[in-house]
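Analysis of the macromolecular model
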Amino acid sequence: YVKSGDDVTFKEKITVSGGNGGDYFGFSLSVREDMLIVGAYGVDDNGSTSGAAYIYKTTNNGNNWYFKQKITASDGSAGDRFGYSVDINNKYAVVGSYLDDSKGSVYIYKTSDNGESWGNEKKIRPSDIGENDQYGRAVVLYDNRLISSAGGHDLIAQNAGAVYVHETSDEGDNWE
């Protein structure tokens, strides 16, 4: 939708080419400036509900969005739900996979060409994440910081939850 003065008009509908029932395309999404990431945790490329994320870019102030890349976890498997949570900024895209290995993981992708292509996958999981902690159920990027949740974390009490703040100072190669 586009707002002009007091008027709001429909502009564009984005669907995925080759999508299937149960993909849940659009379950999660994030837009920053000229980048859009859409999560689809039900995609079956690496097994049932292994998940995927789709990155789009606009070059004309959001009037048209162009598909750039489909991302799946390189180690994805059935039930991971990769794409359950997503966020993007002008340098990084992050994708939560809260059931990966029954613990959860967050995958970080980087662009060096203004969002035309994304690579350098980095998978992170804090050392204290345990079974059913659901790390990556929610993710947020803020500059060079990643904030991610683990709603099932049991350190204080059963399913008390935890939030992790990771930061990078070296172009995304290390997240502390």
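Basis of the calculations
- Per chain, residues are indexed from 1 in the order of the written sequence.
- Local features in this predicted model are restricted to residues of pLDDT 70 or higher, and side-chain atom pairs are both shown and tallied only at a pLDDT of 80 or more, whereas totals for entire chains, interfaces and linings draw on every residue.
- Side-chain metrics rest on all non-hydrogen atoms present in the structure, leaving aside hydrogens and water.
- Helix and strand definitions follow DSSP, with helices as H or I runs of at least four residues and strands as E runs of at least two, each counted in order from the N terminus.
- Any residue under 20% of the maximum accessible area for its type is buried, any over 50% is exposed, and the rest in between are partly exposed; the area is computed with a 1.4 Å probe on protein chains only.
- Here, residues are in contact when the closest pair of their heavy atoms is within 4.5 Å.
- Each accessible area is a Shrake-Rupley estimate made with a 1.4 Å probe; only the visible protein chains count as cover when residues are assessed.
- At least two bridges found by DSSP between two strands are what make those strands a pair.
- Note on geometry: axes are C-alpha line fits, over the in-contact stretch for helices, and angles between N-to-C directions span 0 to 180 degrees.
- Positive charge is attributed to Lys and Arg, negative charge to Asp and Glu, and no charge count is given to His or to the chain ends.
- Between Lys or Arg on one side and Asp or Glu on the other, a salt bridge is scored when a side-chain nitrogen of the former is within 4 Å of a carboxyl oxygen of the latter.
- What makes a patch is a set of residues exposed beyond 30% relative accessible area and free of salt bridges, joined within 9 Å when like-charged and within 5 Å when nonpolar (Val, Leu, Ile, Met, Phe, Trp, Tyr).
- Stacked, tilted and edge-to-face are the three classes applied to pairs of Phe, Tyr and Trp rings, where Trp contributes its six-membered ring and a pair requires centres within 6.5 Å; stacked means planes under 30 degrees apart, edge-to-face means over 60, and tilted covers the rest.
- Here, a charge over a ring means that NZ of Lys or CZ of Arg falls within 6 Å of the ring centre while also lying within 35 degrees of the ring normal.

Helix and strand counts for the chain stand at 0 helices and 13 strands. From first element to last, N terminus to C terminus, the chain shows the α and β order β-β-β-β-β-β-β-β-β-β-β-β-β. Reported as C-alpha extents along the three principal axes, the dimensions of the chain are approximately 50 × 40 × 35 Å. Across the 176 residues of the chain, 42% fall into the buried class. Partitioning the contacts of the chain with sequence separation of at least 6, the portion at a separation of at least 24 is 43%. When the accessible surface of the chain is totalled, it reaches about 9300 Å², and 44% of it is carbon and sulfur.

Attention shifts here to the environment of Val8. Structurally, the position occupied by Val8 is in strand β2 (residues 7–9). By relative accessible area, Val8 is classed as exposed at 52%. Those residues within four positions of Val8 in sequence are excluded, and the remaining contacts are Tyr1, Val2 and Lys3.

Consider a sheet: its strands pair through backbone hydrogen bonds, and that pairing is either parallel or antiparallel. If you walk across this open sheet you meet the 4 strands as β3-β4-β5-β6, and the pairing is antiparallel. Since the sheet does not close on itself, it has two edges, and those belong to β3 (28–32) and β6 (65–71), each with one partner. The mean inter-strand angle of the sheet, taken between neighbouring strand axes irrespective of direction, is 20°. Direction of pairing for β3 relative to strand β4 (residues 35–40): antiparallel, over a ladder of 5 bridges. Among the inter-strand pairings, Leu29 is bridged to a residue of β4, identified as Val38.

Inspection of the secondary structure puts Asp80 in the loop between β6 and β7 (82–88). No salt bridge is formed by the buried Asp80. Its closest oppositely charged neighbour is Lys123, at 6.8 Å.

Here we come to unusual backbone geometry. Positive phi, normally seen in glycine, also occurs at Arg81, with a value near 60°. With respect to the secondary-structure elements, Arg81 resides in the loop between β6 and β7.

Right, let's get into the side chain of Ser148. Among the secondary structure elements, Ser148 is positioned in strand β12 (residues 145–150). For Ser148, the contacting residues outside a window of four places in its chain are Val106, Tyr135, Ala138, Val139, Ala162, Val163, Tyr164 and His166.

Pairing is antiparallel in the open sheet, where 4 strands are placed in the order β7-β8-β9-β10. Looking along the sheet, the strands with just one partner apiece sit at the ends: β7 and β10 (119–124). Adjacent strand axes in the sheet meet at a mean angle of 20°, parallel and antiparallel pairs treated alike. Examined bridge by bridge, β7 and strand β8 (residues 92–97) share 5 bridges and lie antiparallel to one another. Across the sheet, Ile88 pairs through a bridge with Ala93, a residue of β8.

Time to look at a nonpolar patch on the surface. Side chains of Val140, Ile147, Val163 and Val165 sit close together on the surface and give an oily, nonpolar patch of about 330 Å² of accessible area. Here Val165 shows up in strand β13 (residues 162–167).

This part covers the packing of aromatic side chains. In this description, a pair of aromatic rings is defined by centroid distance and the angle of the planes. In the structure shown here, the tally under the stated rule is 11 aromatic pairs. Note on Phe25 and Tyr54: the rings are 5.4 Å apart at their centroids and 70° apart in plane angle, and the pair reads as edge-to-face. In this pair, Phe25 sits in the loop between β2 and β3 while Tyr54 sits in strand β5 (residues 52–58), placing the two residues 29 residues apart along the sequence. Residue class for Phe25 comes out partly exposed when judged on its relative accessible area of 25%. Both rings, one in Phe27 and one in Tyr84, keep their centres 4.8 Å apart while their planes meet at 45°; by these two values the pair is tilted. You can see Phe27 sitting in the loop between β2 and β3 and its partner Tyr84 sitting in strand β7, a full 57 residues away along the chain. Taking relative accessible area as the criterion, Phe27 reaches 42% and is therefore assigned partly exposed. In textbook terms, an aromatic cluster arises when at least three aromatic residues are bridged by ring pairs, as seen for Tyr24, Phe27, Tyr41, Tyr84 and Tyr98. Stacked on the ring of Tyr98, the Lys or Arg Arg137 has its end atom at 4.5 Å from the ring centre.

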